[in-house]
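# What the coordinates show
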Amino acid sequence: MDIKMIGNKIAKARKDKNMSQAQLSGLLFISPQAVGKWERGEAIPDIVTINKLAEILGVDLNYFSENFSSADDRAAFKAAVDNNDGDIEQTVQETANPSPIERPLLTNFSGGDLSKSDFAGVTAHQRKFNGSSLRGSDFAGADLTGSSFTGSDVRDANFNGANLTDCTLSVNDLTGTSFCKTILLRTVFSASSLAGAKFANAELTDVTLTKTDLRKTVFENCIFKGVDFKYSDMRGVCLDGQTFFGVRFDKTALNEATFNGSTLRNVSFRPTFALTNKYYRTIKTICFDGAMMDKMTYAELKGLGAKLSKVTFI
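Now for a quick tour of the structure. Values in this document were obtained by computation on a predicted structure and should not be read as measured data.

What counts and how
- Residues numbered from 1 in each chain as written.
- Predicted model: local features only at pLDDT ≥ 70, side-chain atom pairs only at ≥ 80, totals over all residues.
- Heavy atoms only, no water.
- Helix = DSSP H or I, 4+ residues; strand = E, 2+ residues; numbered from the N terminus.
- Buried < 20%, exposed > 50% of the residue type's maximum accessible area, 1.4 Å probe, protein only.
- Contact = heavy atoms within 4.5 Å.
- Areas by Shrake-Rupley, 256 points an atom, 1.4 Å probe, with all protein chains shown as cover.
- 1 Å grid on protein atoms, 1.4 Å probe; cavity = no way out; pocket = protein on both sides within 12 Å on 5 of 7 lines; lining within 4 Å.
- Points joined across faces, edges and corners; volume = space filled by probe spheres on them.
- Nonpolar A, V, L, I, M, F, W, Y, C, P; charged D, E, K, R; others polar.
- Phe/Tyr/Trp six-rings, centres within 6.5 Å; stacked < 30°, edge-to-face > 60°.
- Lys NZ or Arg CZ within 6 Å of the ring centre and 35° of its normal.
- Axes fitted to C-alpha atoms, helices over the stretch in contact; angles between N-to-C directions.
- Parallel < 35°, antiparallel > 145°, perpendicular 65-115°, else oblique.
- Left-handed = near helix turned anticlockwise from the far one by under 90°.
- Pairing = 2+ DSSP bridges.

As a further point, take the overall build of the protein. For the protein, the helix and strand inventory stands at eight helices and 17 strands. For the protein, buried positions account for 46% of its 314 residues. Across the protein, the fraction of contacts at a sequence separation of at least 24, relative to all contacts at a separation of at least 6, is 20%. Within the structure as shown, the protein displays about 14400 Å² of accessible surface, and the carbon and sulfur contribution to it stands at 50%.

Dropping the structure here:
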């Protein structure tokens, strides 16, 4: 995701509305310095703020996508897709069941209305789904290696059994999305909402979750290997019974989170702020009852004041 590009677009839309940074920040209830950081490419707004920005600045949400085009261009794109021997669904079916003259999927699906599209079982490497409406779309069993989803509405989509190796999912609304038995290898989730999303029987390896809202995300029978949680909101999240190997919770909010019955080996908890009494009190709200952990993880948590009376060593 090109953070500088998004910053430039925010600045342009703001200036087109003859609005100062101070005026925009007032409407968003944030500081003018925050707006300045966005426009300089030093930070990026989260998905909720992106939606508010689009409304205030009078632009389409797709405007913030690197592949944004005008309404006329998107209409032409849709017409081209609709005339591609019928519709997208037929294109997907042809990919799953190649004809003698095989027609590959389009490489760029950005800016399109693809709600409830059927991509189940397709092989679609290095595709772009940026600034697209993908609500309710079915990607079950699809191989999407290296694909990108940026600034898109992916609510209630189905990624069960899909291969998301080396995929990037940034500034998306992933509310209610399903990741059951999904292959998640070096997958990047950034500045996205995963409220009500479900990860079940999945192995997350070298995955990065940055500035991601996970407060209402459901995790069932998952294995986390080399996963980095960075600046994410995990307050109150239930991680009971999960397995963690080489995982880092880097400046992540974990107030009232639970790891009951979980296995933790070589897990690091890095504070969201300086080691103050407030941080120690926060650590004490995390529940590790029945968890199993190695001695190094235990020692770090003990030093931070975590309640570990019901923990056993691996």
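If a probe the size of a water molecule is rolled over the atoms, the empty space left behind becomes visible. Its boundaries defined by the atoms lining it, the largest pocket holds a volume of some 360 Å³. Taken together, 19 residues make up the lining of the largest pocket; nearest its centre are Asp-46, Ile-47, Thr-49, Lys-211 and Asp-213. If you list the elements that add at least two residues to the lining of the largest pocket, you get α3 (32-39) and α4 (47-57). Per-element tally for the lining of the largest pocket: the top contributor is α4, with three residues. Looking at the lining of the largest pocket residue by residue, the class counts come to nine nonpolar, five polar and five charged.

A few words on the packing of aromatic side chains. Each aromatic ring pair is summarised here by two numbers: the centre-to-centre distance and the angle between the ring planes. Enumeration over the complete set of coordinates arrives at 26 aromatic pairs. With a centroid separation of 6.1 Å and 50° between ring planes, the pair formed by Phe-224 and Phe-229 is classed as tilted. The buried category is assigned to Phe-224, whose relative accessible area is 0%. Owing to a relative accessible area of 1%, Phe-229 belongs among the buried residues under this scheme. With centroids separated by 4.9 Å and ring planes inclined at 75°, the aromatic side chains of Tyr-298 and Phe-313 adopt a geometry described as edge-to-face. Here Tyr-298 is found in helix α8 (residues 295-303), whereas its partner Phe-313 is found in strand β17 (residues 312-313), with 15 residues between them in sequence. With a relative accessible area of 45%, Phe-313 lands in the partly exposed category. Residue placement shows Lys-295 over the ring face of Phe-313; its charged tip is 5.9 Å from the ring centre.

Time to look at the side chain of Thr-210. Turning to its location among the elements, Thr-210 is positioned in strand β8 (residues 208-210). By relative accessible area, which is 18% here, Thr-210 ends up buried.

This part takes up the packing of helix α2 (residues 21-28) against α4. α4 packs onto α2 with a crossing angle of 120° between their chain directions and a minimal axis gap of 11 Å. The pairing of α2 with α4 is recorded here as oblique in orientation. Viewed along their axes, α2 and α4 form a crossing whose handedness is right-handed. Contacts between α2 and α4 pair Leu-24, Leu-27 and Leu-28 from the former with Thr-49, Lys-52, Leu-53, Ile-56 and Leu-57 from the latter. A class-by-class count of the residues in the contact of α2 with α4 yields six nonpolar, one polar and one charged.

Time to look at the sheet that holds strand β6 (residues 198-200). The three strands are arranged β3-β6-β9 in an open sheet whose pairing can be described as parallel. Across the chains shown, the open sheet's two edge strands, defined by having one partner strand only, are β3 (178-180) and β9 (218-220). This sheet shows a mean twist of 5° between the axes of neighbouring strands, independent of strand direction. Bridge analysis of β3 against β6 gives three bridges, and the strand direction is parallel.

It is worth spelling out the sheet that holds strand β4 (residues 183-185) at this point. Spatial strand order, β4-β7-β10-β12-β14-β16-β17: seven strands in an open sheet with parallel pairing. One side of each edge strand has no neighbouring strand; the edge strands of this open sheet are β4 and β17. With three bridges connecting them, β4 and strand β7 (residues 203-205) associate as parallel partners. Looking across to β7, one finds that Leu-185 is bridged to Thr-205.

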